[in-house]
Each structure stands twice: as structure tokens, then as C-alpha cells.
Amino acid sequence: MGVTLEIRDLHAGVEGDDSPILQGVDLIVRQGEIHALMGPNGSGKSTLANVLMGNPAYEVTAGEVLLDGEDVLDMEPDERSRAGLFLAFQYPVAIPGVTLGNFLRHAINARMKADDPESKGIPIPRFARMMRQKMSQLHIDHAFAGRYLNEGFSGGEKKRAEVLQMAVLEPRIAVLDETDSGLDIDALRIVADGVNSLTGPDMGALVITHYQRMLDYIKPDRVHVMFAGRIVQSGGPELALTLEEKGYEWIREEHAALARTESL
Ligand code: ADP
Ligand code: MG
């Protein structure tokens, strides 16, 4: 049985601010499934990603998030990561003198030590083998591991580093928030190829994107549309095609019509 990420009636906003952003999100993502979360700007997609990873700038006011039945909201961000959640596109800033390979080895060692204080970490030859295998799988030049972390990385190289980090940490559920600014087509493809090659029976993904074109590269099992802090529509891949044709305006109109009915 695969692991399930279950979001139940989640309400959240910015810490110290009364206006709600998430207003009852329900969503279930199983290991092995790719879900796309779409919606117009400002609908709350990134807020959901931030809440899932425990960003302290956000406050949960109601609802729950369970991973494999365990309360995620009670865990520190590093515990969430150890439990198998991964949020892409949260890479550390440039660290002078630390290569990407060393950074990833330390990340693995920190996780092993948290599980077992006696652990001496991953033996270097085993780590090197693992890196070679993952980089080949992702079609990443092996010299990339020797680059200093994020120092002079192009947009595409940052994405590549993030995808490699995801491959090495082997999450059970990965949440990828496609920040909307300046993502060129190459960077988009790197992310999409990474998701396609890493998702499988062992990994599920929640791919958050404003852009329909992301779905030219990733074939989701389910598509959800978020509007005003709720998932207002869910469907199969055909829903993405509807969005591509009609944009988001019809969602807005339907939502306004519904609000009128409710106020009667
Ligand atoms: P999306 O990712 O769908 O574009 P966001 O979750 O980024 O939407 O934002 C949803 C709403 O919450 C927006 O109105 C945004 O301005 C507000 N918001 C999100 N994060 C913050 C924050 N840290 N401080 C203030 N307002 C925020
Ligand atoms: Mg966003």
C-alpha cells in the first residue's frame, strides 16, 4: 500500500493577519500519482505549498494534513522531509566553497543521523555510485556535482540542482511549486523531465503551476483548479485541455454565479 498525503478542510492565512487565504482545501495525493494543481494568480497555490512545508510565515487556522495517517502540521520542516515530503524550488542560497555533491551528501548524512544517532553517514564510494546513477537517469552531466552550490548557476542549472536533490532524497510525495516568474522553456523541460523520470510507484507528485503549457510535458493523472482558496474543480487530464481552451475566466464566472445563489 502506497503512502497518501491527505489534506482535509485546510484553512490558513498569513501569520498575524486575519484575512483567510486557504478556505477549505481538500485534496488526496497517493504515492505513484501525478496531480496538477492549477488556478489563476492569487488563488492560494503557493500558500498551500508553503503550509505543507511548514513555512512559519503562514498560520493554519483549521483542518488537517496527514501523511501516511500522521499529522504533518505537528512536524518541524526537517521532520516532514524525513517523513517523505519534498518541496522543490526551495534550494539554499549560494554556499561558498560547498559543491553540490557535498551538499547532497551532508543532506543524506543529516537524515541518517536523525534516524540513528550512531550512524556514520553514507560511505563515500556508495554515495558516489548513487550520484552517478541518479545523474545518468536524469541526463545530467556528471561534472555538475563538482560545481559550487548555486554560485553562478543559470536558471536552468538551479532547476537541475533541485531535481537532482529530489532524486537523491527520494521523497514519497514531492510538491513542486512552479514560481511564475521568468521560467523559460528549457527550465520547464528540465523540471518536467525530472518529474516524469522520478515519479513511479515510489513517488507521487503535486505539481503546482499557473501555466497550462507545463502540462504539455507532464501528463497528470488528476487536475485540480484552485480559486479563492478552494479547489473548485477536479478532473482527469481533459480538464487541462479545457483550461487551455477557455483559460480561467469561466471558473471566475461560475464562482460568481455560485456566490450569488448562496446569498439568495
Ligand atoms: P498563487 O500561488 O495561487 O498565485 P498565493 O498563495 O501566492 O497565490 O497568494 C494567495 C493570496 O494570498 C494573494 O492575495 C497573496 O497576495 C496573499 N499572500 C500570500 N502570501 C502572502 C504573504 N506572505 N504576505 C501577504 N500576503 C500573502
Ligand atoms: Mg504561486
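These remarks concern the structure in this document. Please read these numbers as outputs of a predicted model, since none were measured by experiment.

## Description of the overall build of the chain
Point 1. Check the secondary structure of the chain and you find eight helices and ten strands.
Point 2. A globule of 264 residues ought to have a C-alpha radius of gyration of about 18 Å, and the chain, at 19 Å, matches this closely.
Point 3. Principal-axis analysis of the C-alpha atoms gives the chain an extent of 70 × 40 × 35 Å.
Point 4. Burial status across the chain gives 47% buried among its 264 residues.
Point 5. Put simply, of all contacts in the chain between residues at least 6 apart along the chain, 71% involve residues at least 24 apart.
Point 6. A total of about 13000 Å² of accessible surface is found on the chain, and carbon and sulfur atoms cover 49% of it.
Point 7. Distance from the positive charge centre (26 side chains) to the negative charge centre (40 side chains) of the chain: 7 Å.

## Structural notes on the pattern of salt bridges
Point 1. This model, assessed by the stated rule, comprises eight salt bridges.
Point 2. We note a salt bridge from K134 to E170, for which the minimum N-O separation is 2.8 Å. Within this pair, whereas K134 is found in helix α4 (residues 124-137), its partner E170 is found in the loop between α5 (155-169) and β7 (173-177), the two being separated by 36 residues in sequence.
Point 3. R252 is the partner of E249 in a salt bridge, and the nearest nitrogen-oxygen pair spans 3.4 Å. Residue E249 and its partner R252 are located together in helix α8 (residues 249-263), separated by three residues, close to a single helical turn.
Point 4. Among the charged side chains, a salt-bridge network with shared partners connects E6, R8 and E64.

## Describing the sheet that holds strand β9 (residues 222-227)
Point 1. With mixed pairing, six strands are arranged side by side in an open sheet as β6-β7-β8-β3-β9-β10. Each edge of the sheet is formed by a strand with only one pairing partner; in this case those strands are β6 (85-88) and β10 (230-235). In this sheet, neighbouring strand axes are inclined to one another by 20 degrees on average, regardless of whether the strands run parallel or antiparallel.
Point 2. Here strand β3 (residues 34-38) runs beside β9; their pairing, made up of four bridges, is parallel. Of the residues in β9, the one forming a bridge with H35 is R222.
Point 3. Of the strands in this sheet, β6 and β7 are in contact with α5, which crosses β6 at around 170 degrees.

## Observations concerning unusual backbone geometry
Point 1. If you check the backbone angles, D9 has positive phi at about 45 degrees while not being a glycine.
Point 2. With respect to the helices, strands and loops of the structure, D9 is situated in strand β1 (residues 4-14).
Point 3. For D9, a relative accessible area of 41% gives the class partly exposed.
Point 4. One non-glycine residue with positive phi stands out, namely H139, at about 55 degrees.
Point 5. Locating H139 in the fold gives a position in the loop between α4 and α5.
Point 6. The exposure class assigned to H139 is exposed, which follows from its relative accessible area of 72%.

## What about the site of ligand 1?
Point 1. Near ligand 1 you find V14, I21, P40, N41, G42, S43, G44, K45, S46, T47 and Y58, and these make up its full shell.
Point 2. The backbone of S46 places a nitrogen or oxygen atom 2.9 Å from an oxygen atom of ligand 1.
Point 3. In isolation ligand 1 exposes 550 Å². Once the protein is present, 58% of that is buried.
Point 4. Broken down by element, the shell around ligand 1 gets its largest block of residues, three residues, from helix α1 (residues 45-52).
Point 5. For the shell around ligand 1, the class distribution of residues is four nonpolar, six polar and one charged.

What counts as what
Residues numbered from 1 in each chain as written. Chains lettered and ligands numbered in written order. Predicted model: local features only at pLDDT ≥ 70, side-chain atom pairs only at ≥ 80, totals over all residues. Heavy atoms only, no water. Helix = DSSP H or I, 4+ residues; strand = E, 2+ residues; numbered from the N terminus. Rg over C-alpha atoms; globule rule 2.2 N^0.38 Å. Buried < 20%, exposed > 50% of the residue type's maximum accessible area, 1.4 Å probe, protein only. Contact = heavy atoms within 4.5 Å. Areas by Shrake-Rupley, 256 points an atom, 1.4 Å probe, with all protein chains shown as cover. Lys, Arg positive; Asp, Glu negative; His and termini not counted. Charge placed at Lys NZ, Arg CZ, Asp CG, Glu CD. Salt bridge = Lys/Arg side-chain N within 4 Å of Asp/Glu carboxyl O. Pairing = 2+ DSSP bridges. Axes fitted to C-alpha atoms, helices over the stretch in contact; angles between N-to-C directions. Near = heavy atom within 4 Å. Polar contact = N/O pair within 3.5 Å; in protein donor to acceptor, adjacent residues only side chain to side chain. Nonpolar A, V, L, I, M, F, W, Y, C, P; charged D, E, K, R; others polar.

Purely geometric stuff here, so don't read any function into it on its own.
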